[in-house]
Amino acid sequence: MNVRDSEIILGMLKEKGYAPVSKPDQAELVLFNTCSVRQHAEERVWGQAGMIKKRGARPVIGIVGCMAQNYQEQIFRRLPQVDFVCGPANIYDIPLLIEKALKEHSQLLAVNMEKRPLLCDNGYRISNLKAFVSIMYGCNNFCSYCIVPYVRGREVSRPLRHILAEVQDLAARGFKEITLLGQNVNSYGKDLPGPLNFVRLLENLDRIKGIERIRFVTSHPKDATPELFKAMRNLASVCEHLHLPLQAGSDKILHMMNRNYTLKDYLKLVDVLRRQVPDSAISTDIIVGFPGETEKDFKKTEQAMKDIQFDEAFVFKYSPRFKTKAAEFKDDVSNKKKLQRNHRLLELQGAISLKKNKHIIGSTEEVLAEGKGSYFQGAKKKQAVLGRSRSNKVTLFPGKMDLISKLVRVRIKRTTAHTLIGEVDDKKN
Ligand code: SAH
Ligand code: SF4
């Protein structure tokens with residue numbers, strides 16, 4: 001989501017004549033687009049922004065995004081060199097804020113959460129092949145650990161016609177893949193009049209010629225439906241990959257997290273998905289060290305991961321977030337234990353990912369070639385084309401760089417936990 005916001009900001013700056021420089025001390029303008037989801041992300045911004053030194057009135061310094069919304073004028077107290085603080089809903093004000101900062105030399109605050117415009121595409125994209133498309137903003141779920149509803153506000157869906165116009169434009173410009181973005185894409189349309197929902201949106205987008213692949217993040221288990229899984233099976237451009245955060249395997253912890261499902265509900269969903277879309281990949285998010293997580297609770301997460309066999313898992317150490325319900329609970333799992341649990345799960349998942357990838361050896365995957373990469377054959381480093389399979393696995397294969405931006409059939413020869421390595425399948429291209 002921040003990458004997409006940064007892209008919009010870059011587009012506006014380009015229109016104003018700004019161009020990127022390679023080192024911060026050469027810049028006339030330094031913006032930090034920030035994330036508040038975990039403490040670590042915030043610490044990096046406090047540290048890095050603190051290191052930007054002013055030479056007179058330059059550079060103009062802005063703190064943008066969730067930390068701006070979260071800390072507001074506190075930022076000016078901690079970082080007096082900052083010229084403006086701009087929340088995620090106000091990013092369209094950035095050109096104006098820069099102009100004002102240059103004229104007035106006063107500290108400016110733009111944190112009006114109601115202001116987010118829904119027609120939000122200035123055409124600028126970092127890639128010319130794959131694009132993020134925001135379909136909604138905010139979140140209504142209030143998972144007890146999560147700051148998102150406080151810094152991004154309540155759910156607002158963009159009107160269908162805006163999204164369709166944006167994707168039609170991308171298709172006309174030659175884009176092949178889109179990733180739909182929302183904190184909980186399954187609840188798309190609930191705030192709009194009429195029968196529109198996420199599956200209807202997918203059906204509409206699937207009809208747009210030229211868009212070969214549609215991905216989406218994130219789906220909340222409580223709103224993921226068999227209807228969605230059917231759409232994944234039946235709509236040609238919708239990729240067979242679901243990111244479905246489990247967060248924890250213990251029902252006690254899930255309840256304390258306010259996730260509104262049990263492990264049993266989750267297992268049932270996975271079962272239905274795998275019956276509907278047998279070759280579907282599933283990835284997940286897990287939090288370790290949530291308040292009250294005992295070794296027994298943690299073992300339930302481990303067991304759930306063994307039972308489910310995810311293709312990929314992102315594991316996070318819990319950090320208390322100001323304003324959230326869980327911040328009232330005692331953060332009673334030590335950092336050392338959080339780290340150990342984090343390592344244990346990453347190790348477990350590494351072995352599972354490798355085992356799952358080994359099953360793919362010998363099969364032919366459709367890969368969207370995106371750029372250059374390399375891999376080792378023995379001690380020798382080999383240049384390769386890099387892309388992703390429909391199930392979102394990074395795939396490398398030797399080939400000419402003019403394959404980039406094409407869909408290539410690749411026969412998988414070997415694999416690591418995170419990468420498939422193959423060669424162009426001449427029979428199937
Ligand atoms: N809306 C998405 C993404 C939310 S943030 C979703 O519901 O999945 C991405 C991930 O960050 C979450 O899934 C969660 O695993 C993690 N996360 C959120 N708050 C956290 C916190 N306070 N400490 C550690 N991890 C957190
Ligand atoms: Fe945060 Fe939960 Fe909303 Fe995801 S669904 S953004 S974890 S409150």
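Because the structure is predicted, anything quoted here is derived from the model rather than measured.

## Re the overall build of the chain
Part 1: The secondary structure content of the chain amounts to 13 helices and 17 strands.
Part 2: Taking 22 Å as the expected radius of gyration for a compact globule of 429 residues, we find that the chain reaches 23 Å, a close match to that expectation.
Part 3: Dimensions of the chain along its principal axes, counting C-alpha atoms only, are 65 × 55 × 55 Å.
Part 4: In the chain, which comprises 429 residues, the share counted as buried stands at 52%.
Part 5: Contacts in the chain between residues at least 24 apart in sequence constitute 70% of all its contacts with a sequence separation of at least 6.
Part 6: A total accessible area of about 20,200 Å² is found for the chain, and carbon and sulfur atoms account for 54% of it.
Part 7: The centroid of the 71 positive side-chain charges in the chain is displaced by 3 Å from the centroid of its 48 negative side-chain charges.

## A closer look at the site of ligand 2
Part 1: By nearness alone, every residue bordering ligand 2 is listed as Cys 139, Asn 141, Phe 142, Cys 143, Tyr 145, Cys 146, Val 148, Pro 149, Gln 183, His 220 and Arg 259.
Part 2: Partitioned by chemical class, the residues of the shell around ligand 2 number seven nonpolar, three polar and one charged.

## Quick notes on helix 5 (residues 94–104)
Part 1: For helix 5, the full list of buried residues reads Ile 94, Pro 95, Leu 97, Ile 98 and Ala 101. With its buried residues spanning 165° around the axis, helix 5 presents them on a single face. Across helix 5 from its buried face, at more than 90 degrees, point the exposed residues Leu 96 and Lys 103.
Part 2: Buried-residue contacts for helix 5 involve helix 1 (2–15), strand 1 (29–34), strand 2 (60–65), strand 3 (84–86) and strand 4 (108–110).
Part 3: Phi for His 105, located one or two positions after helix 5, is positive at around 50°.

## Some details on the pattern of salt bridges
Part 1: Within the structure shown, the criterion is met by 33 salt bridges.
Part 2: For Glu 177, the salt bridge goes to Arg 215, with nearest N and O atoms at 3.1 Å. A residue pair is termed long-range when its members are at least 10 positions apart, and Glu 177 in strand 8 (residues 177–181) and Arg 215 in strand 9 (residues 213–217) qualify at 38 residues. Across the pair, Arg 215 and Glu 177 agree in class, each one buried.

## A closer look at the packing of aromatic side chains
Part 1: Overall, the coordinates contain eight aromatic pairs when judged by the stated rule.
Part 2: Here Trp 46 and Tyr 71 contribute two aromatic rings whose centre-to-centre distance is 5.3 Å and whose plane-to-plane angle is 70°, an arrangement assigned as edge-to-face. Of this pair, Trp 46 sits in helix 2 (residues 39–50) while Tyr 71 is found in helix 3 (residues 66–71), placing the two residues 25 residues apart along the sequence.
Part 3: Judged by relative accessible area, which is 12%, Trp 46 ranks as buried.
Part 4: Here Tyr 71 falls in the buried class, since its relative accessible area comes to 15%.
Part 5: Centroid distance Tyr 266 to Phe 310: 6.3 Å. Interplanar angle 70°. Geometry classified as edge-to-face. Of this pair, Tyr 266 sits in helix 11 (residues 263–276) while Phe 310 is found in the loop between helix 12 (295–308) and strand 12 (312–317), placing the two residues 44 residues apart along the sequence.
Part 6: Overall, Tyr 266 belongs to the buried group, its relative accessible area being 0%.
Part 7: Members of the aromatic cluster, joined through ring pairs, are Tyr 145, Phe 290, Tyr 318 and Phe 329.
Part 8: Note that Arg 78 overlies the ring of Trp 46, its terminal NZ or CZ placed 3.9 Å from the centroid.

## With respect to the environment of Val 424
Part 1: When you line up the elements, Val 424 lands in strand 17 (residues 419–424).
Part 2: By relative accessible area, which is 26% here, Val 424 ends up partly exposed.
Part 3: The spatial distance from the C-alpha of Val 424 to the C-alpha of Val 60 is 49 Å, given a sequence separation of 364 residues.
Part 4: Contacts of Val 424, omitting those with residues within four sequence positions, involve Phe 397, Pro 398, Leu 403, Val 408, Arg 409, Val 410 and Asn 429.

Scoring rules and cut-offs
- Residue positions are given per chain, counted from 1 along the sequence in the order it is written.
- Each chain gets a letter, beginning with A, and each ligand a number, beginning with 1, in the order they are written.
- Local features in this predicted model are restricted to residues of pLDDT 70 or higher, and side-chain atom pairs are both shown and tallied only at a pLDDT of 80 or more, whereas totals for entire chains, interfaces and linings draw on every residue.
- Hydrogens are left out, water is left out, and the side-chain values use all remaining heavy atoms of the structure.
- Counting from the N terminus, the helices are DSSP H or I runs at least four residues long and the strands are E runs at least two residues long.
- Values of the radius of gyration come from C-alpha atoms, whereas the globule rule sets the reference at 2.2 Å times the count of residues to the power 0.38.
- Each residue gets one of three labels from its accessible area relative to the maximum for its type: buried under 20%, exposed over 50%, partly exposed in between, using a 1.4 Å probe on protein chains only.
- By the convention used here, residues are in contact when the closest approach between their heavy atoms is within 4.5 Å.
- Under the convention used here, a 1.4 Å probe and the Shrake-Rupley method define accessible areas, while residue burial counts only the protein chains that appear.
- His residues and chain termini do not enter the charge count, which takes Lys and Arg as positive and Asp and Glu as negative.
- Positions of charges follow a simple convention, taking NZ of Lys, CZ of Arg, CG of Asp or CD of Glu.
- A single heavy atom is enough: if one lies within 4 Å of a molecule or strand, its residue is considered near that molecule or strand.
- Here the nonpolar group is Ala, Val, Leu, Ile, Met, Phe, Trp, Tyr, Cys and Pro; Asp, Glu, Lys and Arg are the charged ones; every other residue, Gly included, is treated as polar.
- This arc is built from the directions going out from the helix axis to the C-beta atoms.
- A pairing counts as a salt bridge when a side-chain nitrogen of Lys or Arg comes within 4 Å of a carboxyl oxygen of Asp or Glu.
- Note on aromatic contacts: the rings of Phe and Tyr and the six-membered ring of Trp form a pair at centre separations within 6.5 Å, being stacked when their planes are under 30 degrees apart, edge-to-face when over 60 apart, and tilted otherwise.
- In this scheme, the term charge over a ring applies when either NZ of a lysine or CZ of an arginine sits within 6 Å of the ring centre and within 35 degrees of the ring normal.

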